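Summary of the model geometry
Spelled out, the chains give:
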Amino acid sequence: MLMTNSERPVAVTQYETALALLQPYFPKYLLAPEVAVLLHYLPDERQRMLYATLWNTGARITEALTLTPEDLLLEGPRPCVRLRTLKQCRRGRGRPSADEKIARIVPLLDAGYVDRLRRFLATVRPGRQRPLFDVSRKTA
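One structure accompanies this document, and this report is about it. All figures in this text were calculated on a predicted structure; none of them were measured in a lab.

This part takes up the sheet that holds strand S4 (residues 80–84). Overall, antiparallel pairing links the 3 strands, which are arranged S3-S4-S5 in an open sheet. Every other strand in the sheet has two partners, leaving strand S3 (72–73) and strand S5 (103–107) as the edge strands with one partner each. Here 2 bridges tie S3 to S4, and the two strands are oriented antiparallel to one another. Note on S4: the bridge partner recorded for leucine 72 is valine 81.

Bringing the side chain of threonine 57 into the picture now. Within the secondary structure, threonine 57 is located in helix H3 (residues 45–57). Taking relative accessible area as the criterion, threonine 57 reaches 8% and is therefore assigned buried. In terms of polar contacts, threonine 57 uses its side chain to reach the backbone carbonyl oxygen of threonine 53, at 2.6 Å. With near-sequence residues (within four places) excluded, threonine 57 lies in contact with Val81, Leu83, Val106 and Leu108.

Moving on to helix H5 (residues 111–124). With 14 residues, H5 should reach 20 Å at 1.5 Å per residue; the first-to-last C-alpha distance of 20 Å fits that figure. Those residues of H5 that sit buried are Tyr113, Val114, Leu117, Phe120 and Leu121. Across the axial projection of H5, the buried residues extend over an arc of 120°, all falling on one side. Set apart from the buried face of H5 by more than 90 degrees, the exposed residues are Ala111 and Thr123. Buried positions along H5 lie against H3 and S3. For H5, the N-terminal capping position is held by aspartate 110, with its side-chain oxygen 3.1 Å away from the main-chain nitrogen of glycine 112. In the stretch just after H5, arginine 125 is the one whose phi turns positive, near 50°.

Rules and cut-offs
- Residues numbered from 1 in each chain as written.
- Predicted model: local features only at pLDDT ≥ 70, side-chain atom pairs only at ≥ 80, totals over all residues.
- Heavy atoms only, no water.
- Pairing = 2+ DSSP bridges.
- Helix = DSSP H or I, 4+ residues; strand = E, 2+ residues; numbered from the N terminus.
- Buried < 20%, exposed > 50% of the residue type's maximum accessible area, 1.4 Å probe, protein only.
- Polar contact = N/O pair within 3.5 Å; in protein donor to acceptor, adjacent residues only side chain to side chain.
- Contact = heavy atoms within 4.5 Å.
- Expected span 1.5 Å × (residues − 1).
- Arc of directions from axis to C-beta.

Shown next, in the form of C-alpha cells:
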C-alpha cells in the first residue's frame, strides 16, 4: 500500500505505477554525506576510487576507465583532471584525426578526494600511461 498526497492508501500492482506515485518524493541528487556512506560499503579500494572519481568529476564511465596518472594534475593550487571524451559537441563536423585528442579539464574541488587520490596513486603505483582502474565497463 502506498500513500498519495491525499494520504489515502492506494493498492499497487505494478512497479511502474508505484514508481510514478513515489517520483515526487525521490531526491534528484545525493548529498555528500550520503555518497560517503555508499562509498564506505564498497569492499575494494579501486572500486571505491572509481565511484568517487565518477561522483567528483562528473565523468562518464568510459572517460573514467581511460584515466591514467598522466591525466591527473594534482600539484599546484588548483588540482584538476583531464578527461578524454568521445563527445565532440564543440569541435565541429567530421571525425577527429588519429592524433587529435579531445579532452575536457575538470577542476577537483574536494580537497579530501584529492588527498585520497594521492594516497591511492602512492599505494597502487600504476604505470604513467596505464589506466588507474583495471575494470571493464561490464564490471564497473
